Each structure stands twice: as structure tokens, then as C-alpha cells.
Amino acid sequence: MKLLIDAGNSRVKWAVYQGEHCVAQGAAEHHELAGLAEVWRGLPLEGAWMSSVARGEVAAALAAAAPCPLHRVHSDRRFGEVCNHYRNTAEQGADRWLAVLAAREVCAGDVIVACAGTALTVEALTAEGDYLGGLILAGHGLMLQSLAQGTANLNRQAGEVVDFPQGTQDALASGAMAALAGAIEGQRRKLAARTGRAPATVILTGGDAARIAPWLAAPLQIVDNLVLIGLLKVANS
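Given the structure is predicted, the values throughout are model-derived calculations rather than measurements.

Reading guide: rules and limits
- Within any chain, residue numbers begin from 1 and follow the written order of that chain's sequence.
- Given that the model is predicted, a residue must reach a pLDDT of at least 70 before its local features are reported, and side-chain atom pairs must reach 80 or more before they are shown or counted; all residues, however, enter totals for whole chains, interfaces and linings.
- Heavy atoms throughout the structure, all of them, feed into the side-chain values; hydrogens and water do not.
- Counting from the N terminus, the helices are DSSP H or I runs at least four residues long and the strands are E runs at least two residues long.
- Atoms counted for the radius of gyration: C-alpha only. Globule rule: 2.2 Å times the number of residues to the power 0.38.
- Three exposure classes are used, based on accessible area relative to the maximum for each residue type with a 1.4 Å probe and protein chains only: buried under 20%, partly exposed in between, and exposed over 50%.
- The contact criterion used throughout is that any non-hydrogen atoms of two residues lie within 4.5 Å.
- For the accessible areas, the method is Shrake-Rupley and the probe is 1.4 Å, while residue cover comes only from the protein chains on display.
- When charges are counted, Lys and Arg are positive and Asp and Glu negative, with His and the chain ends excluded.
- For the purpose of locating charges, the reference atoms are NZ of Lys, CZ of Arg, CG of Asp and CD of Glu.
- UniProt positions are given in the numbering used here, feature names are shortened, and annotations may be inferred rather than shown by experiment.
- If DSSP finds at least two bridges between two strands, the strands pair.
- Under this scheme, a helix contributes an axis fitted over its contacting stretch, all axes are lines through C-alpha atoms, and angles between N-to-C directions fall in the 0 to 180 degree range.
- Buriedness for pockets is judged along seven lines, at least five of which must meet protein on both sides within 12 Å for an open set on the 1 Å grid over protein atoms alone, while cavities are sets there where a 1.4 Å probe fits but cannot get out, and lining residues have an atom within 4 Å of a point.
- Working definition: roughly parallel below 35 degrees, roughly antiparallel above 145 degrees, roughly perpendicular at 65 to 115 degrees, and oblique for all remaining angles.
- Helix crossings fall into two classes, left-handed where the near helix is turned counterclockwise from the far one by less than a right angle and right-handed where it is turned clockwise.
- Only Asp, Glu, Lys and Arg are considered charged in this grouping, and only Ala, Val, Leu, Ile, Met, Phe, Trp, Tyr, Cys and Pro are considered nonpolar; every other residue, Gly among them, is considered polar.

S.K.: Explain the overall build of the chain to me, please; I cannot follow it from the model alone.
M.R.: Counting secondary structure elements, the chain contains seven helices and twelve strands. A globule of 237 residues ought to have a C-alpha radius of gyration of about 18 Å, and the chain, at 19 Å, matches this closely. Dimensions of the chain, computed from the C-alpha atoms along their principal axes, are close to 60 × 45 × 30 Å. Every one of the 237 residues in the chain was classed for burial, and the buried ones make up 45%. For the chain, restricting intrachain contacts to residue pairs at least 6 apart in sequence, the fraction spanning at least 24 positions comes to 49%. Accessible surface, the chain: about 11500 Å² in total, of which carbon and sulfur atoms supply 50%. Positive and negative charge centroids in the chain, built from 19 and 22 side chains respectively, lie 5 Å apart.

Next comes the structure, spelled out in C-alpha cells:
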């Protein structure tokens, strides 16, 4: 059995695979990691593979909890038919690279990979396997939090997403969604202009995927746990 760990900015998601079959999975907040050692200790694990964009102490705690050899996965220049055009792969979060590798399994055509968590990342992958890079911006909650903390009068609950907000709460909700959806659709337009083909499929994942999906055009798929799927590809290679 193989343990796969996705250590994000806010939460840790994990899964155990026997071949291609998921036999156990879970998630924990950063302050709940102590209990994972006991959960994992009872499993017949042959190895663990981890992607981490979390603080160093979180990665260290996960390494200590794993009851088997732990392989830290990093972004690479190439994997299979996917070529990474990032200038310096050493500075790129492995989660972005792994999500792209997973998206290649889901869709063989042009793809925009959008991971909507604490941050929103938006990646462009061509049908030929060229990963062109992407965007990083504040996620939904972080965007609203920054407005609340950085202004005098915007520390309030967000309202509804509407076309023409006529109140501050709706303006906050609509502005945040316009930024998130606009970033995704903007990259889709740019990728279509580059390839000369029809608009790419958007593959959406992360905690805010369902929140953003209604504001995106088709074709669109929501796929849970893209990073774990990418980790499985690497672990099985």
C-alpha cells in the first residue's frame, strides 16, 4: 500500500492506495496532525509520497508521523508526455505540477487546471503536453480577509453575487467572484488564442470548486483531489 500526502496551506489531505484502488483517505487541519501517526501506524504501508506547500514544521510533523520511508515530491522538467516550461521548477510548488499531471489523465485535449483553495492557481496545458505555466492569486476567503484587514469599512459579511451590486456586501461577494472566475476564463481565452483551437476544458478542484463552478462557462469538470491523483502517478512510475 502507498500513502499519498497533500500538505496544503490550510489542510492536509491524504489517501492510501492499493494499486489503483483507494482503500483509505482523510483530511486534517494543521493543528490536528498528531493523530495521523496512530491512524497510519496500523496500515501495511510500503512507502509514502508527499507534496507540501505548507510551513516547514508541518512537513516535518508529517515526516515524523509517516511509519515508512517518505519521498518528498518536487516539480520536475518532464513527466511522461508532459513538458514543464516553468523557468525554474525548483521554485514551483509541487502541488501545481502534480495537478497538471493529474489533469492529463482526465482530459487529453487543451486544459485549464484551476485549484481553488487558500490560493487560486490557474494552469495552462496544451493537447501536445506543453505545460505553459499559470497564475497564483488570493483565494475566495483570503481575498475577502485582505479587504477586511486592509481597509477601514469592509470588515463585513459578503453578500450575494449579482451582475450590478447595489450594496457593499454584494459588491464584496461579486468582486471576489469576478476576480476568481475572470482569472480562469481569461487564461482559457489566452490558451485558445495561442493554440487556434476551441476553448479548453476547465478542470476545477479544491475547497471552493463548487462555489466558483456556476460562474464558469462549459466545458467544465470538477475533479476532487487532483494533487493526490498526481502523486499516485509519480508513486507508480
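S.K.: Would you explain the UniProt feature "active site" (unreviewed entry) in the chain in this entry?
M.R.: Within the UniProt annotation, "active site" (unreviewed entry) is assigned to Asp95. Residue contacts for Asp95: discarding those within four places in its chain leaves Ser51, Val53 and Val227.

S.K.: Can you help me understand the sheet that holds strand β5 (residues 70–72) in this one?
M.R.: Sheet strands line up and pair through hydrogen bonds in the backbone, either parallel or antiparallel. Here five strands make up an open sheet; going across it, the order is β3-β2-β1-β4-β5 and the pairing mixed. Every other strand in the sheet has two partners, leaving β3 (21–29) and β5 as the edge strands with one partner each. Sheet twist, expressed as the mean angle between neighbouring strand axes with direction ignored, is 20°. Contacts from helix α2 (residues 56–65) reach β1 (2–7), β2 (11–18), β4 (47–52) and β5, with the element oriented near 170° to β4.

S.K.: Mind showing me how you'd approach the UniProt feature "binding site: ATP" (unreviewed entry) in the chain here?
M.R.: Summarizing the sequence annotation, UniProt attributes the feature "binding site: ATP" (unreviewed entry) to Asp6, Ala7, Gly8, Asn9, Ser10, Arg11, Val12, Lys13 and Thr118 in the numbering used throughout. What stands out for the annotated residues spanning 113 residues is how close their C-alpha atoms remain, the widest pair being 13.9 Å apart. Among the residues just listed, Asp6, Ala7, Gly8, Asn9, Ser10, Arg11, Val12, Lys13 and Thr118 line the largest pocket. Residue placement: Asp6 occurs in strand β1. Take Asp6: its relative accessible area is 10%, and that puts it in the buried class. Once residues within four sequence positions are removed from consideration, Asp6 is found in contact with Arg11, Val12, Lys13, Ser51, Val227, Leu228 and Leu231. Note on Asn9: relative accessible area 45%, which makes it partly exposed.

S.K.: Help me understand the sheet that holds strand β8 (residues 111–116) in this model?
M.R.: With mixed pairing, the seven strands of this open sheet are ordered in space as β6-β7-β10-β9-β8-β11-β12. Each edge of the open sheet is held by one strand with a lone partner, namely β6 (78–79) and β12 (220–222). Of the pairings in the sheet, the one linking strand β9 (residues 119–125) to strand β10 (residues 130–138) comprises seven bridges and is antiparallel in character. For Leu120, the partnering residue across the bridge sits in β10 and is Leu137.

S.K.: Please clarify how the pairing of strand β11 (residues 201–205) should be interpreted in this entry.
M.R.: When a strand is regular, its side chains alternate between the sheet's two faces. Of all five residues that make up β11, five are buried, and the element is covered over most of its length. Burial along β11 is two-sided: the face carrying Thr201, Ile203 and Thr205 and the face carrying Val202 and Leu204 are both buried. In the sheet, β8 pairs with β11 via five bridges, with the strands oriented parallel. Paired with Ile112 across the two strands is Val202, which belongs to β11. Bridge count between β11 and β12: three bridges; the pairing is parallel. Each residue of the ladder has a partner; that of Val202, found in β12, is Leu220.

S.K.: Help me understand the packing of helix α4 (residues 140–150) against helix α5 (residues 168–195), please; the structure alone is not making it clear to me.
M.R.: Helices that pack against each other are described as a pair by the angle of their axes relative to one another and the distance between those axes. Running from amino to carboxyl end, α4 crosses α5 at an angle of 130°, the nearest separation of the two axes being 10 Å. Between α4 and α5, the angle falls in the class oblique. Of the two elements, α4 crosses α5, and the hand of that crossing is right-handed. Between α4, through His140, Met143, Leu144 and Leu147, and α5, the contact on the second element is made entirely by Leu172, Ala176, Met177, Ala179 and Leu180. A breakdown of the residues in the contact of α4 with α5 according to their chemical character gives eight nonpolar, one polar and no charged.

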